[in-house]
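# Examination of the molecular architecture
Chain by chain, the residues:
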Amino acid sequence: YYLLEYHELGEEVQERLYRGYAENERIQNLVKSQGEAAQCDIERYGNVVYLIPKEDNAFLGFSKAQLKQVLCKSGGTDKDYYLSQFVILTLLVEFYDGQGSSSKTRDYIRVGELQNVLSQRLKAGAENGEEEEEKGGIAFSNMLEVYEALRSEEKGSRAKTTKEGFLHNILNFLQKQGLVDYVEVDETIKTTKKLDNFMDWNLLNQNHYQRVLRVLGVRGEGQ
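Please read these numbers as outputs of a predicted model, since none were measured by experiment.

## Some details on the overall build of the chain
Regarding its fold elements, the chain presents 11 helices and 6 strands. Considering only intrachain contacts with a sequence separation of at least 6, the fraction spanning at least 24 residues in the chain is 49%. Accessible surface, the chain: about 13100 Å² in total, of which carbon and sulfur atoms supply 47%.

Next up, the structure:
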């Protein structure tokens, strides 16, 4: 029940419950079986136990329609939705490289830099990705079209119809999920320990990491 309410169980916050899970295999198996029944994975990363809704779990997670409503402008299309997901993937790649004992490579990024990187990758993908799009790959040209259609205004815009407002809304959403710290006053983005743990222990095994790089068209030495 604690995991259902808070989605995570840390040793520092709830030592008794945490130790009950970490030190008793029977309790651990019972909790995992209940998680499976609720279409969730129960994973322990470091000294925190997380409840992670599976991809098709729209009750404890988000459906595509819900995310589109939250992240995109009113009447947003699938193109708007895919652009929002591309923004999140780009942000992850800027912070993590999937190498070494910790995958994190930087402490923060400014919104302006993220906006520039996003524009560069969309343009590069649209220029080089026509053949991939014909094969059913990612439609960079569609996302670039949507991105360029967003107005560009001075800092402080919160409208989803502007580039600045579009990014602001996505960053606010990630902050509410406990994944980033978004400091609006100086437009700085930092990752949380929750996201660092999830990336190190789950997403950035090599299979997942290489898949993300292929989607973004990013390649590094020896990769």
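From this point, the discussion proceeds with the structure in view.
## Comments concerning the sheet that holds strand E2 (residues 40-45)
Read from one edge of the open sheet, 3 strands run E1-E3-E2, paired in antiparallel fashion. Where the open sheet ends on each side, the last strands, each with one partner, are strand E1 (8-10) and E2. Neighbour-to-neighbour, the strand axes of this sheet turn through a mean angle of 15°, independent of strand direction. With 3 bridges connecting them, E1 and strand E3 (residues 48-53) associate as antiparallel partners. From the neighbouring strand, Leu-9 faces E3, where its bridge partner is Val-49.

## Some details on the environment of Gly-125
Residue position: Gly-125 is located in helix H6 (residues 111-128). Residue classification places Gly-125 among the buried positions, given a relative accessible area of 11%.

## Let's talk about the sheet that holds strand E6 (residues 188-191)
Strands sit in the order E4-E6-E5 across an open sheet of 3 strands; the sheet is antiparallel. Of all the strands in the sheet, the pair left with one neighbour each is strand E4 (109-110) and strand E5 (180-183). Summarising the sheet, E5 and E6 pair through 4 bridges and their orientation is antiparallel. When the sheet's bridge partners are listed, Tyr-182 is paired in E6 with Ile-189. Strand contacts of helix H5 (residues 78-95): E4, E5 and E6, with the helix running at about 75° to E6, the strand carrying the most contacts.

## Looking at unusual backbone geometry
Across residues other than glycine, the phi torsion is negative in most instances, and most of the peptide bonds are trans. The phi dihedral of Gln-39 falls on the positive side, at around 55°, and the residue is not glycine. Structurally, Gln-39 can be placed in the loop between helix H3 (25-37) and E2. Unusually for a residue other than glycine, Glu-187 sits at a positive phi of about 50°. Within the secondary structure, Glu-187 sits in the loop between E5 and E6.

## A word on the environment of Asp-200
If you trace the backbone, Asp-200 turns up in helix H10 (residues 193-203). Separated by 155 residues in the primary sequence, Asp-200 and Tyr-45 have C-alpha atoms spaced 8.9 Å apart.

## What to know about the packing of helix H4 (residues 64-71) against H5
Relative orientation of the contacting elements H4 and H5 amounts to 80°, with a least axis distance of 10 Å. With respect to H5, the axis of H4 lies roughly perpendicular. Contacts between H4 and H5 involve Lys-64, Leu-67, Lys-68 and Leu-71 on the former and, on the latter, Asp-78, Tyr-81, Tyr-82, Ser-84 and Gln-85.

Scoring rules and cut-offs
Residues numbered from 1 in each chain as written. Predicted model: local features only at pLDDT ≥ 70, side-chain atom pairs only at ≥ 80, totals over all residues. Heavy atoms only, no water. Helix = DSSP H or I, 4+ residues; strand = E, 2+ residues; numbered from the N terminus. Contact = heavy atoms within 4.5 Å. Areas by Shrake-Rupley, 256 points an atom, 1.4 Å probe, with all protein chains shown as cover. Pairing = 2+ DSSP bridges. Axes fitted to C-alpha atoms, helices over the stretch in contact; angles between N-to-C directions. Buried < 20%, exposed > 50% of the residue type's maximum accessible area, 1.4 Å probe, protein only. Parallel < 35°, antiparallel > 145°, perpendicular 65-115°, else oblique.

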